[in-house]
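Residues per chain, in single letters:
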Amino acid sequence: MNRREFLNVLAAAVAGGLYLDGKEAAAANPAAGLYDFKVFGNVHLLHFTDCHAQLLPVYFREPNVNLGIGEALGRPPHLVGQALLQHFRMDPRAARAGYPRDLARNLGHAFTHLDFARAARLYGKTGGFAHLATLVKKLRAERPGALLLDGGDTWQGSATSLWSNGQDMVDACKLLGVDVMTGHWEFTFGAKRVEEVVQKDFKGKVDFVAQNIKTADFGDPVFPAYVIREMNGVPVAIIGQAFPYTPIANPRHLVADWNFGIQDQNMQKTVDEARAKGAAAVIVLSHNGMDVDIKMAARVTGIDAIMGGHTHDGVPQPVIVRNGTGQTLVTNAGSNAKFLGVLDLEVRERRVVDFRYKLLPVFSNYLAADAEMQALIDRVRAPHKAKLDEKLAITEGLLYRRGNFNGTLDQVILDALLEVKGADIAFSPGFRWGTSILPGQAITLDHVMDQTAITYPHVTLNEFTGEQIKTILEDVGDNLFNPDPYYQQGGDMVRVGGMSYTCDPNAKMGARISDMRLAGRPIEADRKYKVAGWAPVAEGAKGEPIWDLVAGYLRAKKVIKPVTLNLPRLKGMEGNPGIAR
Amino acid sequence: MHQVDHARREALKQGSATAIFGLFVAAGLVRPGTAHAAWNQAAFSAKTVDAVVKGLGGASTAPTKDVNWGSTPEIAENGAVVPVSVTSNVPKTESISILVEKNPNALAATFTIPAGTDPTVSTRVKMGETSQVHALIKADGKYLVATREIKVTLGGCGG
């Protein structure tokens, strides 16, 4: 059979959740042709986001639970597995965007959890800054003047970024050629550190923009709201939108003098100002999260595209939002340097008239490592390599984090917390970063740091009443399932160990969580329970770093058997395309 | 950062509180005597929206959408100091009051809007928990209410 037939067979195999023999498929290079496509238009934007400091290629399993509630039901990004593949395959925009149709189908592995371990062995790892650099260079050579946008969550998520205060990522991004950046987890290194990088390292190279960060005292802008860059004779404005809820989702004391918020009125003012100054295309580089971006696109006019992140949604095609004066494209470019978004715009007579968008998976095996970037990565890792490569245990099952309620890796952390701290119940934050580990792979300290490397890693042991526990679950549940996206914070549900419960996402706050039980017995409102957790946001919190506790647990276990996920019983989610087995 | 006006910041820090207050008076932001105006005990100790309206001398309220919440947050960064900003687009606005429904005393502030003044007010309120926050507009003798939910969360689980 010829290559086209082969790809069609493979596509059918992917769609059916089955894979061909690994050797045969790998020899045929399933990603061939993916990176060769026609350049369109005269304005070009390359976008990566939420790489979470992953300099090396990684496995990253997309979620099988990403529920959409209210208006978001069944709408991207709240489609998983087959539902996602079907939605985008039948969408004529997918073909219009220029993927060969068979190839678009063939990308199922990158965008879904389907048969993940097997597909991961077939396709290999994704991302890695050396491989990303090769792709960026190729696309830039084809698109003179293209801008590279970094949506933030870049400096946090690995051991080397934590131990270098984000410096490894700052240097890597400068080498990669980032033009414009906004932020979120960057701020967890403290306001002073961010200002230092922006004033020294980034000066004259990278524009750090955020229209929604103001000083708490006088409301002065902390960063420029936007920058206008000319490309092929077209002035293009890039407006920054930092994560609006940084002081709430992360420790406020780290950015005590700054106010954030969504600030869509100031966004409108900023768009109008950029247009008045001559911008023919206006792009928002956003860390709102996709549902917030979609709502903002309907409320603020004059934005051509919101290129978003935060919610780690690998969405193959933009959601087109119509508003008062036209339309706005909303994209989300996944996480962990697994994807690079490519937006080509045709601007004529000071107006965007057409577009092409592709979210390219970065398949590390099919992109040669860029030598200069690889050298930087090797240099960064060399002093820590022996420590990070320590094999703590072997996993028999697939370990991953992403999903609305729990992931197998979080379950390991919960099991470790329960056992080591002797707690009744364990909580682990609903972070969406953290790489995946295949069955049979060794869990290294590097992997543990991928899941835990934050500036407030303390393990806590508290006595909470049943009522307090319910309040916590309701609070986090509302951050995830409030039908108004402006009231969501973009993380997942707190992972719960030891205790079972029922969750009704459609209910109102206070009524979503019910039937809380510990070892089959109902949780009592007045009784106190020992609850272990980590990542406290309060200033002055103490406790051993979570990575020490988890590493110690893994060393003692040596082998991690496939874990049983503690998942809530769900109410009212039958038929929701945001959940799959 | 370069955007921040450090000179203005330092000047204000060095100026005494009296001097700053004096500046506000000079700019017409606060009319002399405002601070000593009669304390409306009935309104400020009321527990409900209706009781506040009664305390202010009104009888009933009607909902309005002619209110702009400016930079008021959807989720408070710090419940102890929640910035609330209200602009009334209702013609003949005479006063703007801010009410936090779940606070022990609902009424947080009342601003009198003299004729010809831009009906925009900003203040900071304290909130112990998630609550409906009401902007109560008195215009042409009638009371109108706009509502915004402001969440006060435990935080710590995003991203």
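These remarks concern the structure in this document. Computed from a predicted structure; not experimentally measured.

Definitions and limits used
- Residues numbered from 1 in each chain as written.
- Chains lettered and ligands numbered in written order.
- Predicted model: local features only at pLDDT ≥ 70, side-chain atom pairs only at ≥ 80, totals over all residues.
- Heavy atoms only, no water.
- Contact = heavy atoms within 4.5 Å.
- Buried area = accessible area lost by both parts, 1.4 Å probe.
- Salt bridge = Lys/Arg side-chain N within 4 Å of Asp/Glu carboxyl O.
- Polar contact = N/O pair within 3.5 Å; in protein donor to acceptor, adjacent residues only side chain to side chain.
- Helix = DSSP H or I, 4+ residues; strand = E, 2+ residues; numbered from the N terminus.
- Nonpolar A, V, L, I, M, F, W, Y, C, P; charged D, E, K, R; others polar.
- Pairing = 2+ DSSP bridges.
- Axes fitted to C-alpha atoms, helices over the stretch in contact; angles between N-to-C directions.
- 1 Å grid on protein atoms, 1.4 Å probe; cavity = no way out; pocket = protein on both sides within 12 Å on 5 of 7 lines; lining within 4 Å.
- Points joined across faces, edges and corners; volume = space filled by probe spheres on them.
- Expected span 1.5 Å × (residues − 1).
- Buried < 20%, exposed > 50% of the residue type's maximum accessible area, 1.4 Å probe, protein only.

**As for the interface of chain B and chain A**
The partner chain A presents 49 residues to the 29 residues of chain B that form the contact. Carbon and sulfur atoms make up 51% of the area that chain B and chain A hide from each other, which totals about 3100 Å². Between Lys151(B) and Asp478(A) there is a salt bridge, and its shortest N-O distance comes to 2.8 Å. The interface formed by chain B and chain A contains 10 residue pairs in polar contact (both at pLDDT 80 or more). Secondary structure elements with two or more residues in the side of chain B that touches chain A: α1 (6-14) and β8 (142-150) of chain B. A per-element tally of the side of chain B that touches chain A places α1(B) first, with 3 residues. Residue composition of the side of chain B that touches chain A, by class: 9 nonpolar, 11 polar and 9 charged.

**Regarding the sheet that holds strand β4 (residues 93-100) of chain B**
Residues and elements named next belong to chain B. Pairing within the open sheet is mixed, and its 5 strands lie in the order β1-β8-β7-β4-β5. Every other strand in the sheet has two partners, leaving β1 (61-63) and β5 (107-112) as the edge strands with one partner each. For this sheet, the mean inter-axis angle between neighbouring strands, taken without regard to orientation, is 25°. Of the pairings in the sheet, the one linking β4 to β5 comprises 5 bridges and is antiparallel in character. Within β5, the position partnered with Ile98 by the bridge is Ala109.

**Some words on empty space enclosed by the protein**
Residues and elements named next belong to chain A. Taken as a whole and assessed by the stated rule, the structure comprises 8 cavities of 30 Å³ or more. Taken as a whole, the second largest cavity holds about 110 Å³ of empty space. Glu62, Pro63, Leu79, Leu84 and Phe111 are, among the 16 residues lining the second largest cavity, the residues nearest its centre. Residue composition of the lining of the second largest cavity, grouped by class: 7 nonpolar, 6 polar and 3 charged.

**Notes on helix α13 (residues 264-276) of chain A**
All names here are of chain A. Taking 1.5 Å of rise per residue, 13 residues should cover 18 Å, and α13 covers 18 Å from first to last C-alpha, within 8% of that figure. When we look at burial in α13, the residues that qualify are Asp264, Asn266, Met267, Gln268, Thr270, Val271 and Ala274. Contacts made by the buried residues of α13 are with β5 (214-215), β6 (226-231), β7 (234-241), β9 (281-286) and α14 (290-299). Gly278 lies just past α13 and shows a positive phi near 110°.

**A look at the layout of surface pockets**
Size it by volume and the second largest pocket reaches roughly 640 Å³. Taken together, 26 residues line the second largest pocket, and the ones lying closest to its centre are Asp478(A), Asn482(A), Met509(A), Thr130(B) and Glu149(B). Listed by contribution, the elements that provide at least two residues to the lining of the second largest pocket are α19 (466-481) of chain A together with β7 (131-139) of chain B. Here the element with the most residues in the lining of the second largest pocket is α19(A); it accounts for 4 residues. Taken together, the residues of the lining of the second largest pocket break down into 9 nonpolar, 8 polar and 9 charged.

**Details of the pattern of salt bridges**
Residues and elements named next belong to chain A. Taken as a whole and judged by the stated rule, the model has 36 salt bridges over all chains. For Arg275, the salt bridge is made with Asp304, and the minimal N-O distance between the two is 2.9 Å. Placement of the pair is Arg275 in helix α13 and Asp304 in the loop between α14 and β10 (305-308), with a sequence separation of 29 residues. Looking at Arg275, the relative accessible area reads 26%, which means it is partly exposed. Two residues, Arg517 and Asp515, come together in a salt bridge whose shortest N-O distance is 2.8 Å. Under the relative-accessibility criterion, Arg517 is labelled partly exposed at 29%. Beyond isolated ion pairs, a larger network of salt bridges with shared partners links Asp36, Lys138, Glu142, Arg143 and Asp344.

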